[in-house]
Structures are given as C-alpha cells and as structure tokens.
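Residue-level listing of the chains:
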Amino acid sequence: MDINLLIETAKKARENAYTPYSNYKVGCALLTKSEKIFSGCNIENDEIMSICAERVAFTKAISEGEKDFECILVLGGKEELQYTSPCGYCRQFMSEFCNKDFEIYMYYDNDKMDKKTLGELLPDSFRL
Ligand SMILES: [Zn+2]
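Being a predicted model, the structure only gives us computed values, none of them experimental.

Chemist: So what about the coordination of the zinc ion? Which residues, and what values?
Modeler: In an ideal octahedron of six donors the angles at the metal are 90 or 180 degrees, and in an ideal tetrahedron of four donors they are 109.5 degrees. Within the protein, the zinc ion binds to Cys-52 (SG), Cys-87 (SG) and Cys-90 (SG); these donor distances fall in the range 2.2 to 2.3 Å. Judged by relative accessible area, Cys-87 falls into the partly exposed class, the value being 31%.

So this is what it looks like as structure tokens:
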C-alpha cells in the first residue's frame, strides 16, 4: 500500500468539497483489496441531506462493483488540516462492508497520522 498516494488522493478530493455552510472540507481515499482507490469529499446541503467524504467514496466504489476494502485515509479541516475522524453515521455505514480490523488512517497537521481500526472506533455496531 502506498500511503503517500492515499494522502495525495485525499488532498485532491478535498479540493472538491462543497461546504458553503461549515467550510469544513474533508477528503478521503478508500483502498480496495483489488488495489483500486476511490476518493470522496463532503458535500453539504442546506437541508439535512449532506453527505460525508467517506460515504461518497464507499458509494462510488460499491456502485462500481467493489465490496472488499483494505483501508481508508481521511483528512479535513477548515483551513489547515486538523484531526478528523469519521462521524458515527459513517462508522456504522462502514461496518456494513468492513470487519473490525478495517484500518482508518487520519492524516492531519502536516504529516501527523493516527491509525485506528473500525473495531476501535465502533466497538459495538448496530445489527438487525
Ligand atoms: Zn460521516
């Protein structure tokens, strides 16, 4: 896995974030087990239907037939990058497609990075 490629992909995606309300721009890069990368950015709406970068990347990948995921890298902030981790809704969404070992990288503040597993971020997901 080329972590630098994921960082650059997420940064480029972040440039496309549509955030007229919060100005909090997020980009991400989702790596599949088949080694494809799907990017995502957050897209706000003045109603309640904003969508996070992570779910954009997942829905792009799934709509292209991908269902097996290796890891995701997330970065975001208003101006400078600040620590940004997936929201609860995205964590639950990921748990539909990823096991507890799925790795989530959070890149921030000029080359700082944190890595957590989905199991750490969502130890007890909702299941029917
Ligand atoms: Zn989210």
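Chemist: Tell me about the nonpolar core, and please be specific about residues and values.
Modeler: For soluble globular proteins, nonpolar side chains are generally found buried alongside one another. Core analysis: the biggest nonpolar cluster contains 21 residues, and Leu-30, Phe-58, Phe-69, Ile-72, Met-94, Phe-102 and Ile-104 have the highest contact counts within it. Those elements that place two or more of their residues in this core are strand 1 (25-32), helix 2 (53-63), strand 3 (69-77), helix 3 (88-95), strand 4 (103-108) and helix 4 (118-121). Top element by residues in this core is helix 2. It accounts for five residues. Filtering out sequence-adjacent residues up to four positions away, Phe-69 remains in contact with Leu-30, Leu-31, Thr-32, Lys-33, Phe-58, Ala-61, Ile-62, Phe-97, Cys-98 and Phe-102. Counting eleven residues, the second-largest nonpolar core is a separate cluster that includes Leu-6, Ile-7, Ala-10 and Tyr-105.

Chemist: Could you give me a rundown of the packing of aromatic side chains, with the residues and numbers involved?
Modeler: Applying the stated criterion across every chain, the model contains six aromatic pairs. Summarising the aromatic geometry, the rings of Phe-58 and Phe-93 are spaced 6.3 Å apart at their centres and angled 75 degrees between planes, so their arrangement reads as edge-to-face. With a gap of 35 residues between them, Phe-58 in helix 2 and Phe-93 in helix 3 connect regions that are remote in the sequence. Residue Phe-58 is classed as buried on the basis of its relative accessible area of 0%. Ring centres of Phe-93 and Phe-97 lie 5.7 Å apart, and the angle between their planes is 50 degrees; this geometry places the pair in the tilted category. Taking relative accessible area as the criterion, Phe-93 reaches 26% and is therefore assigned partly exposed. An aromatic cluster is defined as three or more aromatic residues linked by ring pairs; in this entry it consists of Phe-58, Phe-69, Phe-93, Phe-97 and Phe-102.

Chemist: Lay out unusual backbone geometry with the relevant residues and their values.
Modeler: Located in the positive-phi region is Asn-23, a residue other than glycine, with phi close to 55 degrees. Of note, Asn-23 is situated in the loop between helix 1 (3-14) and strand 1. Overall, the relative accessible area of 29% leaves Asn-23 in the partly exposed class. For Glu-35, which is not glycine, the phi dihedral falls at a positive 70 degrees. With respect to the helices and strands, the residue Glu-35 is situated in the loop between strand 1 and strand 2 (37-41).

Rules behind the numbers
- Residues numbered from 1 in each chain as written.
- Predicted model: local features only at pLDDT ≥ 70, side-chain atom pairs only at ≥ 80, totals over all residues.
- Heavy atoms only, no water.
- Donors = N, O, S within 2.8 Å, 3.2 Å for Na, K, Ca; no water.
- Buried < 20%, exposed > 50% of the residue type's maximum accessible area, 1.4 Å probe, protein only.
- Core = buried A, V, L, I, M, F, W, Y, C linked by side-chain atoms within 4.5 Å.
- Helix = DSSP H or I, 4+ residues; strand = E, 2+ residues; numbered from the N terminus.
- Contact = heavy atoms within 4.5 Å.
- Phe/Tyr/Trp six-rings, centres within 6.5 Å; stacked < 30°, edge-to-face > 60°.

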